[in-house]
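Letter by letter, the chains look like this.
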Amino acid sequence: MEGNSFSLFWIVQLQVNNKAEQQRLGPASPSKGDLDPDEVLPCRHGEGSGKFSVAIVLVSASLSDQDHSLFLSTDEGATFQKQVIPFSVETFIFHPRVEDKVLAYTREGKLYVSSDLGKKWTLLQERVTKDHVFWAVSGVDADPDVVHVEAQELGGGFRYVTCQIHNCSDKTLTVPFAGPIDHSSLTVQDDYIFVKATSTNQTKYYISYRRNEFVPMKLPKYALPKDLQVISTDESQVFVAVQEWYQTDTYNLYQSDPRGVRYSLVLGDVRSSRQAEESVVIDILEVRGVKGVFLANQKVDGKVVTLITYSKGRDWDYLRPPSTDMNGKPTNCKPPDCHLHLHLRWADNPYVSGTVHTKDTAPGLIMGAGNLGSQLVEYKEEMYITSDCGHTWRQVFEEEHHILYLDHGGVIVAIKDTSIPLKILKFSVDEGLTWSTHNFTSTSVFVDGLLSEPGDETLVMTVFGHISFRSDWELVKVDFRPWFSRQCSEEDYSSWDLTNLQGDRCVLGQQRSFRRRKPTSWCIKGRSFTAALTARVCQCRDSDFLCDYGFERTPSSESDADKCFANFWFNPLSPPDDCVLGQTYTSSLGYRKVVSNVCEGGVDPRQSPGQLQCPLLPPRGLHVSIRGEAVAVRPGEDVLFVVRQEQGDVLTTKYQVDLGDGFKAMYMNLTLTGEPIRHRYESPGVYRVSVRAENMAGHDEAVLFVQVNSPLQALYLEVVPVIGINQEVTLTAVLLPLNPNLTVFYWWIGHSLQPLLSLENSVTTRFGDTGDVRVTVQAACGTSVLQDSKVVRVLDQFQVMPLQFTKDLDAHNPNTPEWREDIGLVVSRLLSKETSIPEELLVTVVKPGLPTLADLHVLLPPPTPTRKRSLTSDKRLMAIQQVLNAQKISFLLRGGVRVLVAMRDVDTGSPSLGGGGGYWAVAVLLLIGLFAVGAFILYKFKRKRPGRTVYAQMHNEKEQEMTSPVSHSQDVQSAIPGNHSGVVLSVNSREMHSYLVG
């Protein structure tokens, strides 16, 4: 092998007949000169005991960088075989269970496969995304030779495909996710597959559980994620970190149900940082060896503190500080002002530990770098250790060290993390109580890594590095076996009980005990050692349950502390979207059991009042769109209309489709099958496409205006849902991203095909007739057109009351139209509950911008055959005012922030009547109601003197009294100021008689 320069090398230890994880390897280290094949580094692959074999793969490149070769060894470097390869390797991905199968990712983005450890290669796929290639997961994928790949299409988009390595072509590719996905978004991990897809300026995250159909991940409605990172998928549960709309350098931690679909908040404001190549590092670490234990750094008000959980995020506590330092001196660090804080960084070098080191075969043993104080300090990296899983800590070093556990943690090796050469290492055989030093070399070296030989029971390690930056590799083997004279027996072990920081032994529903070697016993634990000793199941308690999706925990300051309350946007009594008539469902009471918790009996706050029958639901959330998210086509082009229904029964629903050019049809099961409607428009123009869905419970309608000339998409129309007849109203199109002076807005009011055009994103108009009017807007910018549609209720009479909120709501206001709608709904619902006014007669409209303000529209009840509608007998405003003044209307936001709703001060004194030109008409009706007797007299007089017109005039103060039935209260404020003095009524007596007796 003389004359070859090895730019990259891989050493793969393959574990046969034992569980092993997928191994993805890049260069072991930057090249520091020619690599001798004798300088072989043992690289761990897999966990546990079993039969191991070590394969060594060396990659050689000529000076011209055109000829590439592999040198393969299957006998630990004794002999090598040279294989010429026609590509330049960037990454090898070894099969997790079959030792000879390997994938090679090239610098050109091509993916090759070999089934004989690199002797022969076959091209699988081109234009593959780096680090987004995955072997089949054992026990989940039916075929162990399947490969999951994110690849780029010729058109530029990315897709998720699967391929069988022995039969992979464009004809045999499988596309599990319909549609394009975002670049670098495919992740295959245990039971789950994650993808991200962006369309029409909206990003959605999808998940597949055990290779079932992809469904959207349900985060809280107003999380509005900017980024999502998968933290853990252990034990049939997903932990994700979500950067929400208001966050810049922190993420919120969410925990899923077993299928990974519904997510609940478990910790907010976890610190994050950007690393090389824009990768995100989030300060959270899963403690290996004891399930359910995590460490996280939370950043609040600029301060970073370390927290620990023993219940997979249900409860978090600060780390307890040690009472003395490594020299036995008092630390003077006492809670609640002082705690222990740890750095939770991953090491850039894969052959050294990060700032916190844990291991599956050493449960309870945690060693990390940090400091004591009120917050984490970046430049302080003192070393601390715990052997009881974080219950008690001890300081062991004043500077950061690289850590390696040998013999199940029976030997702890530490080498100082420094830029100067070393020749001394430290080790402990009593879990860090005492430390010894060892000169591992006679010449100081720059240490590049620490590696152990195969097996958790090993006592042999390798230190590798270099004497100078120009020197070759130096490897030093350190064998600790001579320090021990015998194998451990049962008398050499003692037991310790796992508890949380409150001393509770029931952790995740069971009491667990572990074995540890006694400090005075100098013996080898060996391959047969197991740390777990006993486990006993506990009875269930409230602490074994966390808040379900749509719920949040009440803060400790409230009277009902630690209870789960429903978020304002979530109605727990609503049947699920997939509820089918004839089936049953259970409404959530706000609690679900922590995944991995094995408690039995005891309390169960999940208990529901019983199974509920799925009702026949009317269709809701009907959408019609063109496949591809466009709403513009070219003449003669095939158009695929897709009809979706978010809620309601689909089996008994009929769908009437009108494509606007004379084509009309009736469909059944249209949204159930998902089959598109194929159509072709031959002539240019604007076509109104409508779909009406109807069943016995109700109906819904979706409208789409198709421009046959260029591609289109969608947008959001914001308009007051209730407006008075002939009252001026502003229609606003909220467009993201905003393109001022470049966007043309088309406004359709009613069924007219002739739109109003504007360059501004808002227009003003009036509605001359009562009833429901559909308003549709399209925004066109170049070839992109977005559309939205809303229905406006035009009434001749209603009342408006101005509202305001406590200032805390402003900090939670993302200023999105949907958020304003949900706030309005929860206010109307609470007012209806307190005043017994039907909810459909209360419409709360939250205004855009800050501060957050709202108007409450109080509608008149519908007339009955025995009673006319009357404002004078309407006492509802007084009732609303009373509950608002009594501060009975409030709701909770995230973090337990309580928001109060109150009347808003304006310039005038009494609530006004809605309806622009209808104010005087309302006054007429009020005066008529009060002077009914006079009306009869006028009628009699009219019969004697035909054609006579009667005039009635009243003073200002009397008119005001009749206009507002609650005007005696000085606290009721007016939303629409105006002058009501000098009203003159002209009423024909025959019309008055008709009104009174008709």
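Everything numeric in this text was worked out from a predicted model, so none of it was measured.

Enquirer: How do you make sense of the overall build of the chain when you look at a structure like this?
Expert: Helix and strand content of the chain: eight helices and 71 strands. Taking all 998 residues of the chain together, 50% fall into the buried category. In the chain, of all internal contacts separated by at least 6 residues, the share reaching a separation of at least 24 is 56%. As presented, the chain carries roughly 47,500 Å² of accessible surface, and 49% of it is formed by carbon and sulfur atoms.

Enquirer: Is there a simple way to explain the nonpolar core in this structure?
Expert: One broad trend across soluble globular proteins is that nonpolar side chains are buried collectively. Grouped together as the largest cluster of nonpolar side chains are 45 residues, with contacts concentrated most on Phe568, Phe805, Ile823, Val827, Leu831, Ile880 and Phe891. Those elements that place two or more of their residues in this core are strand 42 (545-547), strand 64 (798-805), helix 3 (817-835), strand 65 (842-846), strand 66 (853-859), helix 4 (876-885) and strand 68 (898-903). Excluding anything up to four places from it in sequence, Phe891 contacts Phe568, Phe805, Leu809, Ile823, Val826, Val827, Leu830, Val897, Arg898, Val899 and Val901. One finds Val287, Tyr310, Ile366 and Ala531 within the second-largest nonpolar core, a separate group that totals 26 residues.

Enquirer: Would you take a moment to explain helix 3 for this structure?
Expert: Residues three or four positions apart in an α-helix share a direction because the helix packs 3.6 residues into each turn. Counted at 1.5 Å a residue, the expected span for helix 3 with its 19 residues is 27 Å, and the 27 Å between its end C-alpha atoms agrees. Within helix 3 the residues assigned to the buried category are Pro817, Trp819, Arg820, Asp822, Ile823, Gly824, Val826, Val827, Ser828, Leu831, Ser832 and Thr835. A positive phi of about 65° marks Ser836, the residue just after helix 3.

Enquirer: Would you explain the sheet that holds strand 61 (residues 762-765) in this entry?
Expert: Within a sheet, each strand pairs with its neighbour through backbone hydrogen bonds, oriented either parallel or antiparallel. In spatial order, the strands read 56-58-61; together these three strands make up an open sheet with antiparallel pairing. A single partner strand is all that each edge strand has here, and the edge strands are strand 56 (716-718) and strand 61. If you compare each strand with its neighbour and ignore which way they point, the axes differ by 20° on average. Of the strand pairs in this sheet, strand 56 and strand 58 (residues 729-734) are connected by three bridges, and their pairing is antiparallel. Note on strand 58: the bridge partner recorded for Leu717 is Ala733. The strands touched by helix 3 within the sheet are strand 56 and strand 58, with strand 56 carrying the most contacts at an inclination of about 45°.

Enquirer: Just checking my understanding: could you explain the side chain of Arg688 for this structure?
Expert: Note on placement: Arg688 falls in strand 54 (residues 686-695). Buried charge without a partner: Arg688 forms no salt bridge, and the closest opposite charge is Glu701, 4.1 Å away. Excluding residues within four positions of it along the chain, Arg688 makes contact with Asp658, Leu659, Gly660, Glu701, Val703, Leu704, Phe705, His751, Leu753 and Arg774.

Enquirer: Please clarify how the packing of aromatic side chains should be interpreted in this entry.
Expert: Centre distance and the angle of the planes are the two values used to describe a pair of aromatic rings. Following the criterion strictly, the structure yields 29 aromatic pairs and no others. Chaining the aromatic ring pairs together yields one cluster made of Phe87, Phe92, Phe94, Tyr112 and Trp121. The lysine or arginine in question, Arg515, covers the ring of Tyr493, its NZ or CZ lying 4.6 Å from the ring centre. Over the ring of Phe529 we find Lys525; its NZ or CZ atom is 4.8 Å from the centre of that ring.

Enquirer: Looking at this structure, how should I read the state of the cysteines?
Expert: Should the sulfur atoms of two cysteines be covalently bonded, the bond is a disulfide. In total, this model carries six disulfides according to the counting rule given. What pairs with Cys488 in a disulfide is Cys523, and their sulfur atoms sit 1.9 Å apart. Taking the sign of the torsion about the S-S bond as the criterion, the disulfide between Cys488 and Cys523, at about 95°, is right-handed. Residue Cys488 is found in the loop between strand 37 (473-479) and strand 38 (493-497), and its partner Cys523 is found in the loop between strand 40 (510-517) and strand 41 (532-537); the two are separated by 35 residues along the sequence. Here Cys488 and Cys523 have matching classes, each one buried. Through a disulfide, Cys540 is tied to Cys599; the S-S separation comes to 2.1 Å. Residues Cys540 and Cys599 are joined by a disulfide whose S-S torsion is about 95°; by sign, that bridge is right-handed. Of this pair, Cys540 sits in the loop between strand 41 and strand 42 while Cys599 sits in the loop between strand 46 (591-593) and strand 47 (612-613), and the two are 59 residues apart along the sequence.

Enquirer: Honestly, the environment of Ala780 in this entry has me stumped. Any pointers?
Expert: The residue Ala780 is located in strand 62 (residues 771-781) in this model. Judged by relative accessible area, Ala780 falls into the buried class, the value being 12%.

Enquirer: Got a minute to help me understand helix 4 in this structure?
Expert: The complete set of buried residues in helix 4 reads Arg876, Leu877, Ile880, Gln881, Val883 and Leu884. Summarising the axial view, the buried residues of helix 4 lie within an arc of 170°, below the 170-degree limit, and thus occupy one face. Looking at the buried side of helix 4, the elements it contacts are strand 64, helix 3, strand 65, strand 66 and strand 68. Where helix 4 ends, the next residue or the one after it, Gln887, has phi of about 55°, a positive value.

Enquirer: Explain the pattern of salt bridges here, please?
Expert: Pairing between side chains becomes possible if they bear opposite charge and their charged atoms approach one another. A full pass over the atoms with the stated rule returns 34 salt bridges. A salt bridge links Glu126 to Lys110, with the nearest nitrogen and oxygen atoms 3.9 Å apart. Of this pair, Glu126 sits in the loop between strand 9 (122-125) and strand 10 (128-135) while Lys110 sits in the loop between strand 7 (102-106) and strand 8 (111-114), placing them 16 residues apart in sequence. Among the residues examined, Lys110 registers a relative accessible area of 28% and is labelled partly exposed. The residue Lys221 makes a salt bridge to Asp822 at a minimum N-O spacing of 2.7 Å. A residue pair is termed long-range when its members are at least 10 positions apart, and Lys221 in the loop between strand 16 (215-216) and strand 17 (227-232) and Asp822 in helix 3 qualify at 601 residues. Overall, the relative accessible area of 32% leaves Lys221 in the partly exposed class.

Enquirer: What is the right way to look at the sheet that holds strand 12 (residues 158-164) in this model?
Expert: Reading across from one edge, 10-11-12 is the order of the three strands in this open sheet, with antiparallel pairing throughout. Each having just a single partner strand, strand 10 and strand 12 make up the two edges of the open sheet. Averaged over all adjacent pairs, the angle separating strand axes in this sheet is 20°, with direction ignored. Relative to strand 11 (residues 146-152), strand 10 runs antiparallel, the two sharing four bridges. Within the sheet, the bridge partner assigned to Phe134 lies in strand 11 and is His148.

Enquirer: So what exactly am I meant to see when it comes to the environment of Ala151 here?
Expert: Mapped onto the fold, Ala151 is located in strand 11. We classify Ala151 as buried; its relative accessible area is 1%. Here the alpha-carbon distance between Ala151 and Arg127, two residues 24 residues apart in the chain, equals 5.5 Å. Setting aside residues no more than four positions away along its own chain, Ala151 makes contact with Gln125, Glu126, Arg127, Val128, Gly157, Phe158 and Arg159.

Enquirer: Sorry if this is basic, but what is going on with the confidence of the model for the chain here?
Expert: As a general rule, the predicted coordinates of low-pLDDT regions are not to be interpreted in detail. Here the chain averages 80 in pLDDT, and 80% of its residues register 70 or above. Contacts for the low-pLDDT stretch residues 869-873, under 50 throughout, to residues beyond four places or in other chains number 17 contacts. Note that residues 908-998 has pLDDT below 50 and, in this model, 132 contacts with residues that lie over four places away or in other chains.

Enquirer: So what exactly am I meant to see when it comes to the environment of Val478 here?
Expert: Turning to its location among the elements, Val478 is positioned in strand 37. For Val478, a relative accessible area of 3% corresponds to the buried category. Spatially, the C-alpha atoms of Val478 and Leu459 are 8.4 Å apart, while their sequence positions differ by 19 residues.

Enquirer: I tried to follow the packing of helix 3 against helix 4 on my own but got confused; where do I start?
Expert: The relative placement of two packed helices is expressed as an angle between their axes plus a distance between the axes. Taken N-terminus to C-terminus, the directions of helix 3 and helix 4 make an angle of 105°; their axes are 10 Å apart at the nearest point. Between helix 3 and helix 4, the crossing angle belongs to the class labelled roughly perpendicular. Residues Leu831, Glu834 and Thr835 of helix 3 form the contact with helix 4, whose participating residues are Ala879, Ile880, Val883 and Leu884. Of the residues belonging to the contact of helix 3 with helix 4, the class tally is five nonpolar, one polar and one charged.

Enquirer: What should I look at first to understand the pairing of strand 37 in this one?
Expert: Look at any regular strand and the pattern is simple: side chains alternate between the two faces of the sheet. Two elements, strand 36 (residues 460-466) and strand 37, share seven bridges in a ladder whose sense is antiparallel. Looking at the pairing, Val460 lines up with Asp479 of strand 37. Counting the residues in the hairpin turn of strand 36 and strand 37 gives six residues.

Enquirer: Where do I start with unusual backbone geometry in this structure?
Expert: Among all residues save glycine, negative phi is the norm, and among peptide bonds the norm is trans. Cis geometry marks the peptide bond from Pro335 to Pro336; its omega dihedral reads 5°. Turning to its location among the elements, Pro336 is positioned in the loop between strand 25 (317-318) and strand 26 (339-342). With an omega dihedral of 0°, the bond running from Leu850 to Pro851 counts as a cis peptide bond. Here Pro851 is to be found in the loop between strand 65 and strand 66.

Calculation criteria
- Residues numbered from 1 in each chain as written.
- Predicted model: local features only at pLDDT ≥ 70, side-chain atom pairs only at ≥ 80, totals over all residues.
- Heavy atoms only, no water.
- Helix = DSSP H or I, 4+ residues; strand = E, 2+ residues; numbered from the N terminus.
- Buried < 20%, exposed > 50% of the residue type's maximum accessible area, 1.4 Å probe, protein only.
- Contact = heavy atoms within 4.5 Å.
- Areas by Shrake-Rupley, 256 points an atom, 1.4 Å probe, with all protein chains shown as cover.
- Core = buried A, V, L, I, M, F, W, Y, C linked by side-chain atoms within 4.5 Å.
- Expected span 1.5 Å × (residues − 1).
- Pairing = 2+ DSSP bridges.
- Axes fitted to C-alpha atoms, helices over the stretch in contact; angles between N-to-C directions.
- Lys, Arg positive; Asp, Glu negative; His and termini not counted.
- Salt bridge = Lys/Arg side-chain N within 4 Å of Asp/Glu carboxyl O.
- Phe/Tyr/Trp six-rings, centres within 6.5 Å; stacked < 30°, edge-to-face > 60°.
- Lys NZ or Arg CZ within 6 Å of the ring centre and 35° of its normal.
- Disulfide = S-S within 2.5 Å.
- Arc of directions from axis to C-beta.
- pLDDT = per-residue confidence, 0-100.
- Parallel < 35°, antiparallel > 145°, perpendicular 65-115°, else oblique.
- Nonpolar A, V, L, I, M, F, W, Y, C, P; charged D, E, K, R; others polar.

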